[in-house]
Amino acid sequence: MPTKQYLAFLVLLLQPILSYGLVLPDRSQLSVNSAIQYLEDPKGDFTIEFVRNTNQQWTQQSSKAFNQGYSSSAWWLKLQLQNESENEVRRFLEVSYAVLDFVDVFVYSDDTQLAHYSMGDKLPFAQRAVEHRFFVVPLQWQAGETLDVYYRIETSTAVQAPLTLWERAAFETRENNTNIIQGLYFGAMLVIAVYNLLIYSVVWERSYLFYVMFVVSLPLFVASISGQAYHFLWPESVVWHDHTIPFFLSMAFGSSALFARRFLRVKTWSSTFNCILNGIAFAAFSCLIVSFFVSYKFSIYFLVPLGLLACVVEMMAGIISWRKGVPNARYYVIAWLMFLSGGVMLALNKLGVLPTNFITEYSIQLGSVLEAVLLSFAMAERINEERRLRYAAQDDALQVTRRLNEELEQRVQERTQELEKLNDQLHELSNTDQLTQLKNRRYMETMMEEEWSRCRRYKHDFSIMMMDVDFFKNVNDKYGHPAGDACLQQVAERIKSCIRWPCDQLARYGGEEFCLILPETSKAGAAVVAERIRHAVESDPIIADNQTFSVTLSIGVCVSDAQQGEVAEALKSADLALYQSKEQGRNRVTVYGATELDNVAPFPASKSSLE
C-alpha cells in the first residue's frame, strides 16, 4: 500500500522508530545527547589509543540525537559520566537505532579500560553485551568515580545514535511494555494475513494474494528496522539480516502496486495508470532481487524515490477510482489516510511538536492495523457485493427463464419433429453409400447380426451372397474413373432389380464388391437369385460418357443353418466361394460347399469386353 511506502520513507529519513515504551519519570531515563562530543574518522583507521592520546578537535553535539545521515566515514562519540552520589550506580546505556553495522563501545575509568563491547548488525546477535534489539551496554561505577565512554560507529545505513541512560528496573519495565504492545501488533497483522490467505485459497482471487504479501512484508520490514526480527526471528543469520530491510520494503512496494491495480480495477478506466502501477511493481520486485548483490545504500537510494512515486500514484488511483464509482474504493482511500495519519503523528512526535504518549509512540502500528482491518473489510464487502450481484443476476435469469419456458414449450414440439426428421436423414446418410445409393458396409454388418439372430431363433436358413465386378480395374484404366463410377451405379441398379422380397438386404461392401443377404432362403433359392443377378448384369452393356462396354459378375454364395456357427464364419465362406468363382474363370456363381452338380448351370456366357 502507499501508506507502507510512506512509512518506509519516514523511517529512513527521520528518527528511529519503535524505540521507546511508556513514558517514565526523568530520574528513570536520561537523554545524554547534549553531553556527547563527536569526531569524524574519514578513512576509518583511528584506534581507541589514537583517539584518547592525541589532541583531536571534538565537536559538541546539541540536544538533538546524533545524526550524520549517510556517510562512508567512521564516527567517534565521547561521553563522560560522573557518579556524584555516595553509592554504587548501575545503569544501561542505550543507542536506540537498530540498523548500525558496527558499534564498538570502550569504557574507561581514568586510564584503565574497564570494558570493550563489539556489536552491530553485521556481527552475530549473541555477541551483544545485553540481549536486546538495540545496542545496550551495562555500566557500573563507584561513588565519586568518573567513566569515559567511547563509541565507534561505522555503517552503510544512516549514521544515527540516540543515546539514553536508563535505570535498569525502568529499562526492563519499558521493554516488557513494548514487547506486549509490539506482540499485539504483530499478532494482529498475522491474523489478518492468515484470514485473507484462507479466503484466497477458497476464491482464488489474486488481489487477496497481493494483499497477504503486503500485510506480511510490512510488519517484517518494521521488525527488521526496529531490530526485533534480528532478535527473535533470525539471530544467527547475519548475511540474510543485512538484506532484509530492502527486501521487505521492495516486497511491500511491489505487492501494494499490484494490489491497488487489481483492487481498484485500474485497467478498466485507465491504461496509463495501469502501466505505471505495473512498472512500479516490476521495479520493486527487480530491486528485491538486486538488493542481494548491491549495497544497502544503493538499494535505499533507489527505493525511497520509488516509494514516493508509488504513494502519489496509488493515492491518485484511489481517489479517481472513488470518483468513478469503483466499489469499495472509498475504503482504500480512507485506509491509506489512516496509515498516513499515523506516520505524520510519529514524525511530529519525534520533532517535538506532539507530546510523547501511547498514541503518538505507536501511531504507525495503530495506523497500519486500522488500514489492514479496513482493507480486509473492503475485500470482504466486495465478496458480499459480488454475491448480491450474482444472486440478483440469478433472479433475473430465473424470471427470464420462466418467461421463455412457455415460448420454448411451444417450439419444442416443432423442434422435436424437425430433429427427428433430421436424425432420420442423418441416420440414412450414415448408412448409405453416396455413389450407388445402396446401404453401406456398416449398415450391412449390423443387419447381418440382426437377421442371423432372427433366423437362429426360428431355425431358418440364412444365405449370404458376395458379388464382385470382374476386371473392374480395367474399366478405370481404359475408360476413366467417371466411367467406373457410372458402371458401379448401373450394376447396383441391375442387382437391386433382381431382389423380390423386402427382407432381402443389398449393400455396397467394398470398392467394386456388393453383398446381399437372403434370410430364410435355401441353397437352391439362393443359387437361383444369384444366377438371375449374374445374367442381369451380363445381358446389357454399360453406357457411360458415350462409351459402351460390358461387365460381368463373379458371385459366391454361402447358405448356412443359423443354429451353427456365427455370421462371420458364413461371411467368410461366401468370400471363399467368390474367390473360387474368380479362380474358375469369373462370370459364374459358386455355392460354398456344393458339388459341381449342385451349382446352377449358368446361362450361355458372353465374353466380357474388358477381358
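Rules behind the numbers
Residues numbered from 1 in each chain as written. Predicted model: local features only at pLDDT ≥ 70, side-chain atom pairs only at ≥ 80, totals over all residues. Heavy atoms only, no water. Helix = DSSP H or I, 4+ residues; strand = E, 2+ residues; numbered from the N terminus. Buried < 20%, exposed > 50% of the residue type's maximum accessible area, 1.4 Å probe, protein only. Contact = heavy atoms within 4.5 Å. Patch = residues over 30% accessible without salt bridge, like charges linked within 9 Å, V, L, I, M, F, W, Y side chains within 5 Å. Areas by Shrake-Rupley, 256 points an atom, 1.4 Å probe, with all protein chains shown as cover. Salt bridge = Lys/Arg side-chain N within 4 Å of Asp/Glu carboxyl O. Pairing = 2+ DSSP bridges. Core = buried A, V, L, I, M, F, W, Y, C linked by side-chain atoms within 4.5 Å. pLDDT = per-residue confidence, 0-100.

Colleague: Tell me about the environment of Ala378, residues and numbers included.
Modeller: Looking at the secondary structure, you find Ala378 in helix H12 (residues 363-430). We classify Ala378 as buried; its relative accessible area is 0%. Linking Ala378 and Tyr332, residues 46 residues apart in sequence, is a C-alpha distance of 7.6 Å. In this structure, Ala378 is in contact with Phe263, Asn328 and Tyr331, ignoring residues within four places of it in sequence.

Colleague: Talk me through a nonpolar patch on the surface; I want residue IDs and the actual numbers.
Modeller: Together, Ile289, Val290, Phe292, Phe293 and Phe298 make up a nonpolar patch on the protein surface, roughly 540 Å² of accessible area in all. Note on placement: Ile289 falls in helix H8 (residues 271-290). Owing to a relative accessible area of 53%, Ile289 belongs among the exposed residues under this scheme.

Colleague: Requested: an account of the pairing of strand S5 (residues 74-82), with residues and values cited.
Modeller: Bridging between strand S2 (residues 37-41) and S5 involves five bridges; their strand directions are antiparallel. For Gln37, the partnering residue across the bridge sits in S5 and is Lys78. One ladder, built from eight bridges, connects S5 with strand S10 (residues 146-154); its direction is antiparallel. Bridged to Gln80 within S10 is Asp148.

Colleague: I'd love a proper account of the nonpolar core, names of residues and values included.
Modeller: Ranked by size, the top nonpolar core spans 100 residues in total, and within it Leu77, Leu93, Leu139, Tyr151 and Tyr211 carry the most contacts. When near neighbours in sequence (up to four residues on either side) are disregarded, Tyr151 contacts Trp75, Trp76, Leu77, Leu93, Val95, Val103, Asp104, Val105, Val137 and Leu163. Of all hydrophobic cores here, the second largest spans 36 residues; its members include Met467, Leu488, Ala536 and Ile555.

Colleague: Give me the lowdown on the confidence of the model for the protein, citing residues and values where you can.
Modeller: Of all residues in the protein, 89% attain a pLDDT of 70 or more, and the chain-wide mean is 82. The element-level mean pLDDT for the protein is lowest in helix H1 (residues 2-13), coming to 36, with strand S7 (residues 102-109) highest at 94. Every residue in residues 1-26 is under pLDDT 50, and counting partners more than four places away or in other chains gives 101 contacts. This model gives residues 596-608 a pLDDT under 50, and the stretch forms 22 contacts once residues within four places in sequence are excluded.

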